[in-house]
Amino acid sequence: MKWIVNEVECEKVIEKLELEKYSDTQNLEFQVCQYEKGELLCQPCSDDDRLQIVIKGIVNIYHIRDDGSKYFIAMNEGIYLLGDMEFMNPAPCIYFAEAVTSVTVVVLSLKKYRNVLKQDIKFMNLIASALAAKLGIASNGESISASLEERILNHMRYHCENGVLKGLGKTAFRLHCSERQLQRILNKLEDEKIVDKCGKGTYRLLT
């Protein structure tokens, strides 16, 4: 991620957003930043209390389920909001937003402006429209196919405390595989120095 500090360049980006279409609140202080392909704009458990308005580039939004599968929520091109759910319910983000291309975003501090913007009818209509669109897309979403090995790693990385998997039987049930399949892949990952066995039925992610 790179912050754009040139005032003239920032003003040009913000002008393209045409804020008068989305808000009646005056004198909002925006920042502009850019993400490269593959960088995460947001991810679960981050405490980043910001609204990000994507104005250029493509972003893929997804969630990692408990069984390690990747659940596709949306892929956007053009103006798109990130942080709209957190605007209404201040809490850590629950999804990933990954830059598919180089992405430019306009950033607004929700901590500073949340209460003010909740009185802005035009802005609240924008939030409502964004949430309704995401709900419609999510209701028709599907899991993205992944190998069992990838699902095991996703499960350990995102759902196991400190990356430690405990209990093969319980984990196999969650991942919809047999305990034998799970053990075979964990043995392979241990040989490859990706996980480390640290007790009976207990493995720790090393990478």
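Let me sum up the structure you'll find in this document. Quick caveat: nothing in here was measured; it's all calculated off a predicted structure. (Residues numbered from 1 in each chain as written. Predicted model: local features only at pLDDT ≥ 70, side-chain atom pairs only at ≥ 80, totals over all residues. Heavy atoms only, no water.)

## Details of unusual backbone geometry
Then, number 1: A positive phi angle, near 50°, is found at Glu18, a position not held by glycine.
Then, number 2: By secondary structure assignment, the location of Glu18 is in the loop between helix H1 (7-17) and strand E2 (31-35).
Then, number 3: Residue class for Glu18 comes out partly exposed when judged on its relative accessible area of 34%.
Then, number 4: Look at Asn27: it is not a glycine, yet its phi comes out positive at around 60°.
Then, number 5: Along the chain, Asn27 turns up in the loop between H1 and E2. (Helix = DSSP H or I, 4+ residues; strand = E, 2+ residues; numbered from the N terminus. Buried < 20%, exposed > 50% of the residue type's maximum accessible area, 1.4 Å probe, protein only.)

## Looking at the packing of aromatic side chains
Then, number 1: On inspection of all chains with the given rule, the structure shows three aromatic pairs.
Then, number 2: On the basis of an interplanar angle of 10° and a centroid distance of 5.2 Å, the ring pair of Tyr62 and Phe96 is categorised as stacked. Pair noted here: Tyr62 is in strand E5 (residues 58-64) and Phe96 is in strand E8 (residues 96-99), with a separation of 34 residues, a long-range link.
Then, number 3: Residue classification places Tyr62 among the buried positions, given a relative accessible area of 7%.
Then, number 4: Pairing Phe87 with Phe123 gives two aromatic rings, centres 5.3 Å apart and planes at 70°, and the pair type is edge-to-face. Here Phe123 lies in helix H4 (residues 121-139) and Phe87 lies in helix H2 (residues 84-88), a separation of 36 residues in the sequence. A single burial state applies to Phe87 and to Phe123, both of which are buried.
Then, number 5: Counting every residue linked through ring pairs, the aromatic cluster contains Tyr62, Phe96 and Tyr158. (Phe/Tyr/Trp six-rings, centres within 6.5 Å; stacked < 30°, edge-to-face > 60°.)

## Thoughts on H1
Then, number 1: Those residues of H1 lying buried are Cys10, Val13, Ile14 and Leu17. Projected down its long axis, H1 shows its buried positions confined to an angular sector of 95°, all on one face. Residues of H1 that are exposed and angled more than 90 degrees away from the buried face: Lys12, Glu15 and Lys16.
Then, number 2: Where H1 begins, the side chain of Asn6 points an oxygen toward the backbone nitrogen of Val8, at a separation of 3.1 Å.
Then, number 3: Note on H1: the residue one or two positions beyond its end, Glu18, has a positive phi of about 50°. (Arc of directions from axis to C-beta. Polar contact = N/O pair within 3.5 Å; in protein donor to acceptor, adjacent residues only side chain to side chain.)

## Points about the pattern of salt bridges
Then, number 1: Applying the stated criterion to the full structure yields seven salt bridges.
Then, number 2: One salt bridge connects Lys21 with Glu18, and the closest N-O pair in it is separated by 2.9 Å.
Then, number 3: Linking Arg114 and Asp49 is a salt bridge whose minimum nitrogen-to-oxygen distance equals 2.7 Å. Highlighted residues: Arg114 in helix H3 (residues 110-117) and Asp49 in the loop between strand E3 (40-42) and strand E4 (50-56), separated in sequence by 65 residues.
Then, number 4: A relative accessible area of 10% means that Arg114 is categorised as buried.
Then, number 5: Linked through salt bridges whose partners overlap, the residues forming this network are Glu149, Lys188 and Glu192. (Salt bridge = Lys/Arg side-chain N within 4 Å of Asp/Glu carboxyl O.)

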